[in-house]
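# Remarks on the overall topology
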Amino acid sequence: TETYTNIADAAGDTVTAAGTTVPAVKAVQVHKAFGSLHVLKGVDLTVMPGTVTVILGPSGSGKSTFLRLINQLETLTGGSIEVDGEMIGYKYVTRNGQQVLQTLDDKDVARQRAKLGMVFQRFNLFPHMTALENVMEAPVHVKHESKAKAREEAVGELQRVGLGDRLDYYPSQLSGGQQQRVAIARALAMHPDIMLFDEPTSALDPELVGEVLNVMRSLATAGMTMICVTHEIGFAREVADQVVFMDGGVVVEKGGPEIIEHPTEPRFKDFLQHVL
Ligand code: ADP
Ligand code: MG
């Protein structure tokens, strides 16, 4: 639509010759099985650049697995996922006149994964490093940035999440909410195009949830493309462009945030009654 195109243009995203915007993420009939356990059973999802998608659903419905597939922490059993218009994990090559799928090499996988930042339920910061060192770690050791440049950027990212006065604190000296904000700054320091959040506030004491949601809200306002798995319905209602309800490995209902007020599928209605 017009709106999406404008947002995408402003953010410098890929626009095809026909003037249509390339989705940030496009999942088509995604399947995932762990042995005989069929966890995802044909998930379709399109996420446009500069938009926020909130995924809701009961525990065990496959939400984390889906995010992990997008970030190539798991491999697909079936279907395909494109990130910025590029198929992840595989490429087509011509062999004996035939188009065949070939697994990407580690370098290409790393290049694709670098487009994504991920924040997990558990903060998993390095406990022996300060907030600043945690945020500098990947730019220095993965991107081989100079320490001076990485430090300058890390300070900027920590200021952005409201922790400019906690640079030299160790994780154990920070609250859960502060640790999670360091985790967000650490992901941002790699300049991802897309941020994936997997229940970033679920492990926090209730009084610390707001500060993390506020950082996520400001990221959304700044135009970051975000896919958020969360049970925070208020956040979904306020911030989401797209709401997706998953259950049993399929997308049961999706639409604008208004579907939270007006769900049509019985399973979604039932879920909302339990979380609201
Ligand atoms: P959600 O995030 O919605 O709670 P998950 O994606 O974590 O759901 O899990 C969906 C199902 O897949 C669960 O039954 C879970 O036990 C199973 N599962 C997830 N990861 C693995 C794995 N690595 N090996 C086996 N089963 C898994
Ligand atoms: Mg999960």
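Please refer to the structure placed before this passage.
I will try to describe carefully the structure that is included in this document. What you see is a predicted model; the values in this text were computed from it and never measured.

Glancing now at the overall build of the protein chain. Counting its regular elements, the protein chain contains 10 helices and 12 strands. Referenced to the eigenvectors of the C-alpha coordinate spread, the extents of the protein chain come out at roughly 55 × 55 × 45 Å. Burial status across the protein chain gives 49% buried among its 276 residues. The long-range share in the protein chain, meaning contacts at least 24 apart out of those at least 6 apart in sequence, stands at 63%. Carbon together with sulfur atoms contributes 50% to the accessible area of the protein chain, which is approximately 13200 Å² in total.

At a minimum axis distance of 8 Å, the contact between helix α6 (residues 176-188) and helix α7 (residues 206-221) shows a crossing angle of 20 degrees. With respect to their mutual orientation, α6 and α7 come out roughly parallel. The two elements α6 and α7 cross, and the hand of that crossing is right-handed. Facing α6, whose interface residues are Gly 176, Gly 177, Gln 178, Gln 180, Arg 181, Ile 184 and Leu 188, α7 presents Leu 208, Glu 211, Val 212, Val 215, Met 216 and Leu 219. Residues that form the contact of α6 with α7 fall into these classes: 7 nonpolar, 4 polar and 2 charged.

If a probe as big as a water molecule is rolled over the atoms, it shows which places are left empty. Empty space within the largest pocket amounts to approximately 690 Å³. Together, 26 residues line the largest pocket, and Arg 113, Leu 116, Met 118, Ala 138 and Met 190 are the ones closest to its centre. When residues of the lining of the largest pocket are traced back to their parent elements, those giving at least two are α3 (106-113), β8 (116-119), α4 (131-141) and α6. Split into classes, the residues belonging to the lining of the largest pocket amount to 15 nonpolar, 5 polar and 6 charged.

Leu 158, Ile 184, Met 195, Phe 197, Met 216 and Met 226 are the most contacted members of the largest nonpolar core, which has 52 residues in total. Residue contributions to this core peak at 8 residues, all from α7. Excluding anything up to four places from it in sequence, Leu 158 contacts Ala 131, Leu 132, Val 135, Leu 163, Gly 164, Leu 167, Val 182 and Ala 185. Of all hydrophobic cores here, the second largest spans 26 residues; its members include Ala 24, Val 39, Leu 67 and Leu 69.

As a further point, take the environment of Pro 23. Relative to the helices and strands, Pro 23 is located in the loop between α1 (2-11) and β1 (25-34). For the pair Pro 23 and Asn 214, spaced 191 residues apart in the sequence, the C-alpha separation amounts to 26 Å. Residues within four places of Pro 23 in sequence aside, it is in contact with Thr 46, Val 47, Met 48, Pro 49, Asp 84 and Gly 85.

Parameters at a glance
- Residues numbered from 1 in each chain as written.
- Chains lettered and ligands numbered in written order.
- Predicted model: local features only at pLDDT ≥ 70, side-chain atom pairs only at ≥ 80, totals over all residues.
- Heavy atoms only, no water.
- Helix = DSSP H or I, 4+ residues; strand = E, 2+ residues; numbered from the N terminus.
- Buried < 20%, exposed > 50% of the residue type's maximum accessible area, 1.4 Å probe, protein only.
- Contact = heavy atoms within 4.5 Å.
- Areas by Shrake-Rupley, 256 points an atom, 1.4 Å probe, with all protein chains shown as cover.
- Axes fitted to C-alpha atoms, helices over the stretch in contact; angles between N-to-C directions.
- Parallel < 35°, antiparallel > 145°, perpendicular 65-115°, else oblique.
- Left-handed = near helix turned anticlockwise from the far one by under 90°.
- Nonpolar A, V, L, I, M, F, W, Y, C, P; charged D, E, K, R; others polar.
- 1 Å grid on protein atoms, 1.4 Å probe; cavity = no way out; pocket = protein on both sides within 12 Å on 5 of 7 lines; lining within 4 Å.
- Points joined across faces, edges and corners; volume = space filled by probe spheres on them.
- Core = buried A, V, L, I, M, F, W, Y, C linked by side-chain atoms within 4.5 Å.

So, to be careful, I would describe these as geometric facts and stop short of saying anything about function.
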